[in-house]
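Structure at a glance
Each chain, written out:
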Amino acid sequence: MTNDKNILIKNIYYMLAYAFQVLKRNNYASIASEKFEHIEDLFAEILSRGISYQLKQGLYREYVPRTESLPTMRGKIDITKTIKHRIQCQQILSCEFDELSENNIFNQILKTTISILLQEKIVAKERKNKLKKVLPFFVNINTIEPSIVKWNTLYFQRNNQTYKMLMNICYFVLEGLLQTTEDGKYHMATFSDEYMHRLYEKFVLEYYKTEHPELKTSTSRIKWNIDYQSDNKALELLPCMQSDIMLEYNGRTLIIDTKYYSQTMQKQYNKQTLHSNNLYQIFTYVKNYDIQNSSNVAGMLLYAKTNEEITPDLETSICGNRIYVKTLDLYTDFKNIASQLDEIRKYINLTLR
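Below is a short write-up of the structure.

Rules behind the numbers
- Residues numbered from 1 in each chain as written.
- Predicted model: local features only at pLDDT ≥ 70, side-chain atom pairs only at ≥ 80, totals over all residues.
- Heavy atoms only, no water.
- Helix = DSSP H or I, 4+ residues; strand = E, 2+ residues; numbered from the N terminus.
- Buried < 20%, exposed > 50% of the residue type's maximum accessible area, 1.4 Å probe, protein only.
- Contact = heavy atoms within 4.5 Å.
- Areas by Shrake-Rupley, 256 points an atom, 1.4 Å probe, with all protein chains shown as cover.
- Salt bridge = Lys/Arg side-chain N within 4 Å of Asp/Glu carboxyl O.
- Arc of directions from axis to C-beta.
- Pairing = 2+ DSSP bridges.
- Core = buried A, V, L, I, M, F, W, Y, C linked by side-chain atoms within 4.5 Å.
- Axes fitted to C-alpha atoms, helices over the stretch in contact; angles between N-to-C directions.
- Parallel < 35°, antiparallel > 145°, perpendicular 65-115°, else oblique.
- Left-handed = near helix turned anticlockwise from the far one by under 90°.
- Nonpolar A, V, L, I, M, F, W, Y, C, P; charged D, E, K, R; others polar.
- Phe/Tyr/Trp six-rings, centres within 6.5 Å; stacked < 30°, edge-to-face > 60°.

So, about the overall build of the protein chain. When helices and strands are counted, the protein chain shows 11 helices and 15 strands. The buried share of the protein chain, reckoned over its 353 residues, is 46%. Within the protein chain, residue pairs in contact and separated by at least 24 positions form 68% of the contacts whose partners lie at least 6 positions apart. Accessible surface for the protein chain amounts to roughly 19100 Å². Of this, 48% is attributable to carbon and sulfur atoms.

Right, dumping it as structure tokens:
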């Protein structure tokens, strides 16, 4: 399991499998039966299989800008550099053109991630050998500095859709696990709460989409219950309300906000209490969504369970709406995790007074 949370590494695979449905294909299915001592091993295994599958289809290529001195014209001429060539009595043209190349940001991220995992002592030898087998196919591709990757600008379309899951695995490694040492080298750190929370949230959302098609499952923006015509200035200052998960069935709604912390409780005046900001947040979501005060909207804080002695568990009614605080135990067989999520389904039917 990871060092700072009670979660089985095998369950991280299942979470990834729901978050990225591609992992349910045959070439990944046997991963579920393997044992992983470290999360880096899991990522190395997924990457080696995913890249091997991608190589059969061919590495993604896209047009990248190039500048080259040529005897004949290609693309457009760089006038300044061409004049310099003529002054030096060189009968060549400086040309700028786009070339279809494998040396693009997507493959550079893959090669960089492979290279870093190969340098990491904690990754098992057998998995390093799998990565070494695919590395020669990247001989014409550059490695890059992980810090320069602008993840939010990566654009996926029909020709590179198969890279989406691979890029997310690379993101977890390069952004969630890496730390820079004083001499500029990298080493693996503990998988942080921030990145696990993103996976946890997407997993729960995709689980309900997959296993409970009778529900309308979404992540929705909630409007503030104000007069939009007369309160334009106020609207500009109000923060955006974006629900993690919204389950709807038969006119009833359950808004779920997932939380992944090392500590799920806070201590105030020698007393263990819920995180106040979390409770305020879910209550605000519920009251602004239930503009008719129908009581058919409920809210739930769903924490990943920790090893704390006190586990959040609350069911109450606040201003006519049901509010729940529950935990999901990730340190158990996945079938038990599924049962816990299936059990939450009943709370949609309990939102009426």
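On to the pattern of salt bridges. A complete count under the given rule lists 13 salt bridges for this structure. We note a salt bridge from Lys259 to Asp257, for which the minimum N-O separation is 2.8 Å. The same class applies to Lys259 as to Asp257, namely buried. Linking Lys346 and Glu343 is a salt bridge whose minimum nitrogen-to-oxygen distance equals 2.9 Å. Owing to a relative accessible area of 37%, Lys346 belongs among the partly exposed residues under this scheme. Counted as one network, the salt bridges with shared partners bring together Glu34, Glu45, Arg49, Arg127 and Lys130.

The next point concerns helix α11 (residues 334–344). Taken together, the buried positions of α11 are occupied by Phe334, Ile337, Ala338, Leu341 and Ile344. The buried residues of α11 all sit within an arc of 115° when viewed along its axis, so they share a single face.

Below, the discussion takes up unusual backbone geometry. Phi at Cys89 is positive, roughly 60°, even though this residue is not glycine. Summarising the element assignment, Cys89 is placed in the loop between α4 (79–87) and β3 (93–101). You will see that Asn293, though not glycine, has its phi angle at about 55°, which is positive.

With that settled, the discussion passes to the sheet that holds strand β2 (residues 76–77). The 3 strands lie next to each other as β1-β3-β2, forming an open sheet whose pairing is antiparallel. Two strands lie at the open edges of the sheet, namely β1 (62–70) and β2, each paired on one side alone. Bridging between β1 and β3 involves 9 bridges; their strand directions are antiparallel. Pairing of Tyr63 across the sheet is with Leu100, part of β3.

Counting 79 residues, the largest nonpolar core has Leu16, Ile46, Phe203, Leu254 and Leu341 as the members making the most contacts within it. Looking at this core, the element that brings in the most residues is helix α7 (residues 163–177), giving 10 residues. The contact partners of Leu16, leaving out residues within four places of it in the chain, are Leu23, Leu42, Phe43, Ile46, Ile169, Phe172 and Leu199. Counting residues in hydrophobic clusters, the runner-up holds 14 residues, among them Met241, Val286, Leu301 and Val325.

For any two helices packed against each other, one specifies the crossing angle of their axes together with the interaxial distance. Two numbers describe how helix α3 (residues 39–57) lies on helix α5 (residues 105–119): the axes approach to 11 Å, and their chain directions differ by 135°. Taken as axis vectors, α3 and α5 run oblique relative to one another. You can see that α3 and α5 cross each other, and the crossing is left-handed. On α5, the residues that touch Glu40, Ala44, Leu47 and Ile51 of α3 are Leu110, Thr113, Ile114 and Leu117. Here the residues of the contact of α3 with α5 sort into 6 nonpolar, 1 polar and 1 charged.

Remark: the centre distance and the inter-plane angle together describe each pair of aromatic rings, the angle taken between the planes. If you walk through the whole model with that rule in mind, you get 18 aromatic pairs. Ring centres of Phe203 and Phe334 lie 6.0 Å apart, and the angle between their planes is 55°; this geometry places the pair in the tilted category. Placement of the pair is Phe203 in helix α8 (residues 193–211) and Phe334 in helix α11, with a sequence separation of 131 residues. Just as Phe203 is buried, Phe334 falls in that class too. Here a set of aromatic residues connected by ring pairs shows up, and it is made of Tyr13, Tyr14, Tyr18, Phe203, Tyr207, Tyr208 and Phe334.

This brings us to the sheet that holds strand β9 (residues 245–249). Strand pairing in a sheet relies on backbone hydrogen bonds. The paired strands run either parallel or antiparallel. Taken in spatial order, the 6 strands of this open sheet run β6-β9-β10-β13-β15-β14, and their pairing is mixed. One side of each edge strand has no neighbouring strand; the edge strands of this open sheet are β6 (216–218) and β14 (314–318). The average angle at which neighbouring strand axes cross in this sheet is 20°, direction not considered. Of the strand pairs in this sheet, β6 and β9 are connected by 3 bridges, and their pairing is antiparallel. The partner of Thr217 across the bridge, within β9, is Leu247. The strands that α11 touches are β10 (252–259), β13 (297–304) and β15 (321–328); relative to β15, the one it contacts most, it runs at about 180°.

So yeah, pure geometry; function would need other evidence.
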